[in-house]
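Chains, contacts and geometry: an overview
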Amino acid sequence: MFAAANIEAILLTIKLASVVTALLLLIGTPIAWWLANTHSRLKPAVEAVVALPIVLPPSVLGFYLLVAMGPHGPVGQITQALGLGTLPFTFTGLVVASVFYSLPFVVQPIQNAFAAIGPGLLEAAATLRATPRDRFFTVALPLARPGFVTAAVLGFAHTVGEFGVVLMVGGNIPGQTRVVSVQIYDHVEALEYGQAHELAILLMGFSFVTLFLLYAFNRRATMLRT
Amino acid sequence: MTRQLILAVTMLFLSSLARADEVQVAVAANFTAPMKAIVAEFENLTGHKAQLSFGGTGKFYAQIKNGAPYQVFLSADDETPAKLEQEGLAEPGSRFTYAVGTLVLWSARPDVVDAKGEVLTRGTFAHLALANPKLAPYGAAAMETLEKLGLAASLRAKFVQGENIAQTHQFVASGNAELGFVALSQVMKDGRITGGSAWIVPAEMHRPIRQDAVILNPGRDKAAANALLRFLRGRPAQAIIRSYGYQ
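Some words on the confidence of the model for chain B
Residue and element names in this part refer to chain B. For chain B, per-residue confidence averages 90 on the pLDDT scale, and residues scoring 70 or more make up 92% of the total. Per-residue pLDDT, averaged within each element of chain B, yields its smallest value for helix α1 (residues 2-18) (58) and its largest for strand β3 (residues 72-74) (97). In the model, residues 16-20 has pLDDT below 50 throughout and makes 0 contacts with residues more than four positions away in sequence or in other chains. Reported confidence for the predicted complex is 0.73 by ipTM and 0.79 by pTM.

Brief notes about the pairing of strand β8 (residues 179-183) of chain B
Residues and elements named next belong to chain B. Among the 5 residues that make up β8, 5 are buried, leaving the element largely enclosed by the rest of the structure. Alternating positions in β8 separate into two faces, Leu179, Phe181 and Ala183 on one and Gly180 and Val182 on the other, with burial throughout. Bridging between strand β5 (residues 103-107) and β8 involves 4 bridges; their strand directions are antiparallel. Along β8, the bridge assignment pairs Leu103 with Ala183. Judged from the 2 bridges that link them, strand β6 (residues 128-131) and β8 form a sheet pairing that is parallel. What sits directly across from Leu128, in β8, is Leu179.

Focus on the packing of aromatic side chains
In total, this model carries 15 aromatic pairs over all chains according to the counting rule given. Centroid distance A:Phe114 to A:Phe148: 5.9 Å. Interplanar angle 75 degrees. Geometry classified as edge-to-face. In this pair, A:Phe114 is assigned in helix α5 (residues 91-127) and A:Phe148 in helix α7 (residues 145-160), connecting sequence segments 34 residues apart. Considered together, A:Phe114 and A:Phe148 belong to a single accessibility category, that of buried residues. Here the aromatic rings of B:Phe60 and B:Phe73 are separated by 5.9 Å at their centres, their planes lie at 70 degrees, and the arrangement is edge-to-face. Of this pair, B:Phe60 sits in helix α3 (residues 57-65) while B:Phe73 is found in strand β3, placing the two residues 13 residues apart along the sequence.

Details of the pattern of salt bridges
Overall, the coordinates contain 6 salt bridges over all chains when judged by the stated rule. Notably, a salt bridge pairs A:Glu192 with B:Lys134, separated by 3.4 Å at the nearest N-O pair. With A:Glu192 in the loop between α9 (180-189) and α10 (193-225) and B:Lys134 in the loop between β6 and α6 (137-148), this residue pair bridges two chains. With relative accessibility at 25%, the residue A:Glu192 sits in the partly exposed group. B:Lys49 serves as the salt-bridge partner of B:Glu43, at 3.9 Å between the closest nitrogen and oxygen. By relative accessible area, B:Lys49 is classed as partly exposed at 48%.

Some thoughts on the nonpolar core
Within the largest apolar cluster, 56 residues are counted, with the highest numbers of intra-cluster contacts made by B:Phe31, B:Leu74, B:Leu120, B:Leu128 and B:Phe181. For this core, the leading source of residues is helix α10 (residues 223-233) of chain B, giving 7 residues. Structurally, this core is a two-domain feature, drawing no fewer than three residues from each of domain 1 (2-100 + 209-243) and domain 2 (103-200) of chain B. Counting residues in each nonpolar core, the second largest holds 53 residues, with A:Leu12, A:Leu35, A:Val139 and B:Trp106 among its members.

Examining unusual backbone geometry
The phi torsion at A:Asn172 lies on the positive side, around 55 degrees, for a residue other than glycine. With respect to the secondary-structure elements, A:Asn172 resides in the loop between α8 (164-170) and α9. For A:Asn172, a relative accessible area of 4% puts it in the buried group. A positive phi angle, close to 60 degrees, is found at B:Asp221, a residue other than glycine. Looking at the element boundaries, B:Asp221 is found in the loop between β12 (209-215) and α10. For B:Asp221, a relative accessible area of 73% translates into the label exposed.

What to know about the environment of B:Phe31
Residues and elements named next belong to chain B. Looking at where Phe31 falls in the secondary structure, it is placed in the loop between β1 (22-28) and α2 (32-46). Along the chain, Phe31 and Leu74 lie 43 residues apart, while their C-alpha atoms are 8.4 Å from each other. Aside from chain neighbours lying at most four places away, what touches Phe31 is Ile38, Leu74, Tyr98, Ala99, Gln211, Ile241 and Tyr246.

Re the sheet that holds β8(B)
Residues and elements named next belong to chain B. Pairing is mixed in the open sheet, where 5 strands are placed in the order β7-β6-β8-β5-β11. Edge strands, defined here as strands with exactly one partner in the open sheet, are β7 (159-162) and β11 (197-200). Strand after strand, the sheet turns through a mean of 30 degrees between neighbouring axes, direction not considered. By the bridge criterion, 4 bridges tie β6 to β7 in an arrangement that is parallel. In the sheet register, Ala129 faces β7, and the bridge partner there is Val160.

Digging into the interface of chain A and chain B
Taken together, the contact between chain A and chain B spans 23 residues of the former and 21 residues of the latter. A combined buried area of about 1900 Å² lies between chain A and chain B, and 57% of that area is made up of carbon and sulfur atoms. Broken down residue by residue, the surface that chain A buries against chain B is led by A:Phe89, A:Glu189 and A:Leu191, which jointly contribute 30%. Taken together, the links from chain A to chain B amount to 1 salt bridge.

Cut-off values and rules
Residues numbered from 1 in each chain as written. Chains lettered and ligands numbered in written order. Predicted model: local features only at pLDDT ≥ 70, side-chain atom pairs only at ≥ 80, totals over all residues. Heavy atoms only, no water. pLDDT = per-residue confidence, 0-100. Helix = DSSP H or I, 4+ residues; strand = E, 2+ residues; numbered from the N terminus. Contact = heavy atoms within 4.5 Å. Buried < 20%, exposed > 50% of the residue type's maximum accessible area, 1.4 Å probe, protein only. Pairing = 2+ DSSP bridges. Phe/Tyr/Trp six-rings, centres within 6.5 Å; stacked < 30°, edge-to-face > 60°. Salt bridge = Lys/Arg side-chain N within 4 Å of Asp/Glu carboxyl O. Core = buried A, V, L, I, M, F, W, Y, C linked by side-chain atoms within 4.5 Å. Domains from an automatic or database assignment. Axes fitted to C-alpha atoms, helices over the stretch in contact; angles between N-to-C directions. Buried area = accessible area lost by both parts, 1.4 Å probe.

Written out as structure tokens, the structure is:
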């Protein structure tokens, strides 16, 4: 049913979203934990930085990522010094950009889930001589599970739907940076509306099913708790 | 109170009618800089106002087909205006070539591109930027040039594609691509290339990049739309167009 180029774009998108989601859970969890527990005056500032990609137009974000990761940009200087070359126009570059872009969608649900646990249970665990590590892994993490599911699903879906950032830093290379959203845009620009519809329907179906399952899961999770 | 409101609304409506000598123009991205200069003179001279929207030709086509209110369309190619005319969306006979684009191989750094473009054969670069050949006339011209040089296949792995010529220019200007095919109009002002190094691709390397303008249906019989097209053909406008590297 799908043209080979479309299948390539679909597989690339799934790969990108999977890698980004895995990385975001690793990076986002400590940030969320810190935000949920800190009394630091820096907290609102960090929260604002994390939330920036929600507010900024993706093409603006993409443009500055392009400049920052370019040969004269601060990130580009570091990657070049490390012998990695520059990041734009590579799959790795897309991953870095997407991690930044989808960060709030992962951090915020986890942070809320941690915050909802409250100090009571953790203090109770402490009186039973649970170390901070134990408290995190055996109390906080399991209780925050719905938050993690929401975070993973939103992080994945948001990366799939990303367009402006990829457009700016990607360079439209088949199999490297030409993801589904860019492919749809190309089809529309080239007046290949049939192929565009095909991918757009797939994307819409995927998004609906994903969100439906997420909300169904969240409902079950709340009902189990009450 | 109600009566005052009706009066206010009526006056707003009338004032919008009175500004009928305003023309809405869709302009191909590569023509952004010259068009701003042209419109400044046009407005001074005629008293009409021109509202400019810049973007990709394919996107404009989709918008026009779906009822966009543009009155004049300055396309990056000659096919799209012809197609719009065929489909009954443009005024027949209003079409003409307002500019012929020049392709240039350009680098933001000096000493990267030599005067004959032999850097392409040497291949001593990681990325070569060009506009998507499927979408942008300058991209198609770049591909034809590379094919004529017999380098299209060997350089393909180094291609990075912009969605339009504006984005392609950004890739090269930011240094992310060492060099790339852009429109001469983007790197030229007052008849001079503004920086970096460049090879102006000879016209015989590709089919001419004809850029056509057309009056769209909403602009039919509108004074400002017709005046703008007349002005575009005229000598002052053509002088501006040439100073940006068009033929």
